[in-house]
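Structure at a glance
Each chain is listed here by its residues.
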Amino acid sequence: MTEAPDLHLRWRDSEDSSGNVSDLVGSAEQVADEANEPADTLALAVAAAVTSEGLGKALGHE
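Here the residue index of a chain counts from 1 through its sequence in written order. Totals for whole chains, interfaces and linings use all residues, but because this is a predicted model, local features are given only for residues with pLDDT of at least 70 and pairs of side-chain atoms are given and counted only at 80 or more. Side-chain numbers come from the whole structure's heavy atoms, not from hydrogens or water.

**What to know about the overall build of the chain**
- Secondary structure counts use DSSP, requiring at least four H or I residues in a row for a helix and at least two E residues in a row for a strand, with both numbered from the N terminus. Counting its regular elements, the chain contains three helices and zero strands.
- In the chain, the succession of α and β elements from N to C terminus is α-α-α.
- Throughout, exposure labels follow a simple rule: accessible area from a 1.4 Å probe, protein chains only, divided by the maximum for the residue type, with under 20% read as buried, over 50% as exposed, and the rest as partly exposed. A total of 62 residues make up the chain; the buried ones form 3% of that total.
- Only the protein chains shown count as cover for residues, and all accessible areas are computed by the Shrake-Rupley method using a 1.4 Å probe. By element, 57% of the accessible surface of the chain is carried by carbon and sulfur atoms, the whole surface being about 5600 Å².

**Concerning a nonpolar patch on the surface**
- Patches in this entry comprise residues that are over 30% relatively accessible and not in a salt bridge; like charges within 9 Å are linked, as are nonpolar side chains (Val, Leu, Ile, Met, Phe, Trp, Tyr) within 5 Å. By salt bridge we mean one thing: a side-chain nitrogen of Lys or Arg within 4 Å of a carboxyl oxygen of Asp or Glu. Together, Leu42, Val46 and Val50 line one region of the surface with nonpolar side chains, adding up to about 280 Å² of accessible area.
- In this fold, Val46 is placed in helix α3 (residues 38–59).
- You can call Val46 partly exposed: its relative accessible area is 45%.

**Examining the pattern of salt bridges**
- Throughout the structure, instances matching the rule amount to one salt bridge.
- With a shortest N-O distance of 3.7 Å, Lys57 and Glu53 are connected by a salt bridge. Here Lys57 and its partner Glu53 are both found in helix α3, four residues apart, which amounts to about one turn of the helix.

The structure is reproduced here in structure tokens:
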């Protein structure tokens, strides 16, 4: 089986002219790096759910 690409590295290396990736990922990474409270876990879970919903909508468009 082919190994999945490391998207985290790709995002860091990519040129994001709109700043969207940097803005979204940077905030989540900061919370994840410092996560040690139940509120941090909840924040990451909510962010993942919202992101998943948005991704589903985005993939539904041509």
